[in-house]
Every structure is written in C-alpha cells, then in structure tokens.
Amino acid sequence: QARARAACDGLRIVALRLALGPDRRWVQAPPEAELRSFGPEPTHDPMASEALNVESVGSSHEVQEVFPKGWSATSFKSAASGSVRQLGIRRVDCRGLWLDVATAGFLALIGDIVVQMVWEKRQFEGLNWREFGADFPPNVFNVRRLFAMTLFNAAYCGAFLHFLYQVYSVPVKAISALLPAGGFAQRLHSDETVEHGLACAFVDNIHNGLLYLPAIYLGVNLLVGDSFGAALQELTSGWSWAYFLCTVFWIPFSWFNFAVVPPHRRVQLMSAANLLWNVIIDKVLSQQH
C-alpha cells in the first residue's frame, strides 16, 4: 500500500508540473483563499526551486514521498488534484449522453436512407433481412444495413465519442508543457484558443485513422452480415482512400468544433456533420461491396 501511494504521488507530481504550463507557473492562478488551504504559504514559487522536502510514510522509512519545498503531503495532494484538472483531466461528464446517442443514431438512419433510396435507387420491398454471408439484390432496400449504420453511429459516435472528446485536451496540454515558454505554448495550453482547437482536431484525426475507420469497416460489415475475413479485406483495401477523405472532411470541421463550440454541444454538432459524412462513407462501403 505504501508503494502504491508513492506511485500515485509520483503521478501527481508529473501532472502538477505539466499543468503548470510551458512557463512552469499556474495557467490560472487559484484564488488566494484556495492557496491558503493548500498549507503554509511559501515565500517563493514552490516549483521554482529544486529543493525538496522528504516525508516518511507511516512508521516505515522504506518508502518516502518527495514534495516541493514548503509543502506538506496534504497540501501537495490538494494542489495536485487541482493541477490535474488544469491539465484537462476532469471528472467524467455524463450529462447529455442520451441526447448525443439519440442524435447520432437518428441522423445516421436518415443518412443511410438517403444513400439507399436516392443514390443507389433501391426500392423498399418490406423488411428483407440479409442472411449472414448471403448475396443481397442491389435494387432492394437493405434493412440490415440501415440497422447496422444506425446502431454503429449511436454506439460509437454518440456514446463513445461523448467520453473521448472530453480527453482530447490532455495530450494537447501535455505537449504544450514540453514546448519552450512563449505565447504559442500558452495559447496551445488554453482551452479557448484556435491553436488549441486545431491541435484537438489533429488528435481527432489520429483517432480516426487508428480507431474509427477500423471500427466502422469491421463493425458495420459484420453487422451487415459479412464474414470477418471479408470485412478485414475491405479494411485493408479501402483504408487509405477512406482516411484521405476523412482527413479532408473532418480536420476543418473539428477545428471549428473544438475552437468555437461549447463542449456539451460538440458531439451533437459532429452528428449533424456526420449526416453528410455517413452519405460519403456509406457510398464508399457500398461501392466496395
């Protein structure tokens, strides 16, 4: 238990130093009353000195915790908790989750109906459910594909991205803390700048290539009724073109989304743009079929 506490405090030290920002000072200075609650007020910047205090854990001296000079274990942990929040690590926010899920699923349903009935000229002939691995007439409305696109987007874009969007700022702020002190690093660290929004858009683009595209190729094709081998073959043959389209479409939009839109509306706005994107990716997948 002592070693586990020491490891956790080590992580707090890392989070605290990163959260201080590129100039190694508080990005947003805590209120004076909050500073006093941290413990004895230091006579100098507590992170400006490399001098350290050492406190033993319990009665054993095998494991020791290291804190900045002038700070106790209690005061340091309190400050580190606030610093974790400044780094962008906040308590998971579930508010609006079901609205995000419903919006993403409904707009995906509309998008697939547009593709099948307008672009592909399919005719609705009842609830024809494609059997696993079987061929399906190209002129008949594919209810199973409609179900697959709706379910995937509700689960992935509505639910998963609701939580993933909340952590995009973490790597951006960590990188800003490693840059030389200056205006750019400070703007990159701030949640309210276009630089921070653009960086989050690039983080999202990396996620699209590594996770989203494999998930939609494998997930949708398996839900549609293809075998895993066939879904994997489509992923390997179509990933590069799909990622190019994904990059061109989503980076400009995500830049606007993360730079301008309030956090609790980002998934919903993304779902609206996803209506157009689903038309594109649905057409790509159907053409590969």
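Everything discussed here concerns the structure shown above.
A short tour of the structure in this document, coming up. (Residues numbered from 1 in each chain as written. Predicted model: local features only at pLDDT ≥ 70, side-chain atom pairs only at ≥ 80, totals over all residues. Heavy atoms only, no water.)

**Some thoughts on the nonpolar core**
In terms of nonpolar packing, the biggest core is built from 33 residues, with Tyr212, Ile216 and Met270 touching the most fellow members. Counting only elements with at least two residues in this core, the list comes to α5 (143–164), α8 (194–224), α9 (228–260) and α10 (266–288). The element best represented in this core is α8, accounting for nine residues. Filtering out sequence-adjacent residues up to four positions away, methionine 270 remains in contact with Cys157, Leu161, Tyr165, Trp250, Phe253 and Asn257. (Core = buried A, V, L, I, M, F, W, Y, C linked by side-chain atoms within 4.5 Å. Buried < 20%, exposed > 50% of the residue type's maximum accessible area, 1.4 Å probe, protein only. Helix = DSSP H or I, 4+ residues; strand = E, 2+ residues; numbered from the N terminus. Contact = heavy atoms within 4.5 Å.)

**Brief notes about the pattern of salt bridges**
Under the definition given, this model contains six salt bridges. One salt bridge connects glutamate 120 with arginine 122, and the closest N-O pair in it is separated by 2.6 Å. Accessibility expressed as a relative area gives 11% for arginine 122, which makes it buried. Across the pair lysine 173 and aspartate 191 runs a salt bridge, and its minimum N-O distance is 3.2 Å. With lysine 173 in helix α6 (residues 169–178) and aspartate 191 in the loop between α7 (183–189) and α8, this residue pair connects regions lying 18 residues apart in the sequence. Through salt bridges that share partners, Asp112, Glu120, Arg122 and Arg145 make up one connected network. (Salt bridge = Lys/Arg side-chain N within 4 Å of Asp/Glu carboxyl O.)

**Things to note about the packing of α6 against α8**
Where α6 contacts α8, the two axes come as close as 9 Å, and the packing angle between them is 120°. In terms of orientation, α6 and α8 fall into the oblique class. Between α6 and α8 the crossing geometry is right-handed. Residues Ser169, Pro171, Val172 and Lys173 of α6 lie in contact with α8, whose contacting residues are His196, Ala199, Cys200 and Val203. (Axes fitted to C-alpha atoms, helices over the stretch in contact; angles between N-to-C directions. Parallel < 35°, antiparallel > 145°, perpendicular 65-115°, else oblique. Left-handed = near helix turned anticlockwise from the far one by under 90°.)

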